[in-house]
Amino acid sequence: MPYSVLNLITNAYYISGIVGRDFQTLSGSQLSTGLEVLNDILADKVIETDMVPYWTTGFQWPATV
């Protein structure tokens, strides 16, 4: 089943709540911005350290080698 880029961008705006599904349609500038952001995400080939979530528990445990 084909899924166009236009559907992807439109659904992203609907899911985020920026555009109301039943009340609004996307403007040309919103589609252009969505395509630009999608291309930026796809072009980012390196995972940066601030993109990887981690949590510290503060729990220390003794370990031996």
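Our structure's up above, just so we're on the same page.
Below is a short write-up of the structure. (Residues numbered from 1 in each chain as written. Predicted model: local features only at pLDDT ≥ 70, side-chain atom pairs only at ≥ 80, totals over all residues. Heavy atoms only, no water.)

1. Brief notes about the overall build of the protein chain
Logical step 1: Counting secondary structure elements, the protein chain contains two helices and zero strands.
Logical step 2: Sorting the 65 residues of the protein chain into buried and exposed places 12% on the buried side.
Logical step 3: Carbon and sulfur atoms make up 62% of the accessible area of the protein chain, which totals about 6,200 Å². (Helix = DSSP H or I, 4+ residues; strand = E, 2+ residues; numbered from the N terminus. Buried < 20%, exposed > 50% of the residue type's maximum accessible area, 1.4 Å probe, protein only. Areas by Shrake-Rupley, 256 points an atom, 1.4 Å probe, with all protein chains shown as cover.)

2. Comments concerning helix H1 (residues 5-16)
Logical step 1: With twelve residues, H1 should cover 16 Å at 1.5 Å per step; its first-to-last C-alpha distance of 16 Å lies within 8% of that length.
Logical step 2: For H1, the full list of buried residues reads Ile-9, Thr-10, Tyr-13 and Tyr-14. Each buried residue of H1 lies within a common arc of 135 degrees when the element is viewed along its axis, so the set occupies one face.
Logical step 3: Buried residues belonging to H1 abut helix H2 (28-43).
Logical step 4: A positive phi of about 85 degrees marks Gly-17, the residue just after H1. (Expected span 1.5 Å × (residues − 1). Arc of directions from axis to C-beta. Contact = heavy atoms within 4.5 Å.)

3. Examining the side chain of Thr-10
Logical step 1: Summarising the element assignment, Thr-10 is placed in helix H1.
Logical step 2: Discounting chain neighbours no more than four positions away, the residues touching Thr-10 are Leu-26 and Leu-31.

4. Quick word on the packing of H1 against H2
When two helices pack together, their arrangement is given by the angle between the helix axes and by the axis-to-axis distance.
Logical step 1: Relative orientation of the contacting elements H1 and H2 amounts to 100 degrees, with a least axis distance of 10 Å. For the element pair H1 / H2, the angle class is roughly perpendicular. Between H1 and H2, the contacting residues are Val-5, Leu-6, Leu-8, Ile-9, Thr-10 and Tyr-13 on the first element and Gln-30, Leu-31, Thr-33, Gly-34, Leu-35 and Leu-38 on the second. (Axes fitted to C-alpha atoms, helices over the stretch in contact; angles between N-to-C directions. Parallel < 35°, antiparallel > 145°, perpendicular 65-115°, else oblique.)

Worth remembering: the numbers are spatial, not functional.
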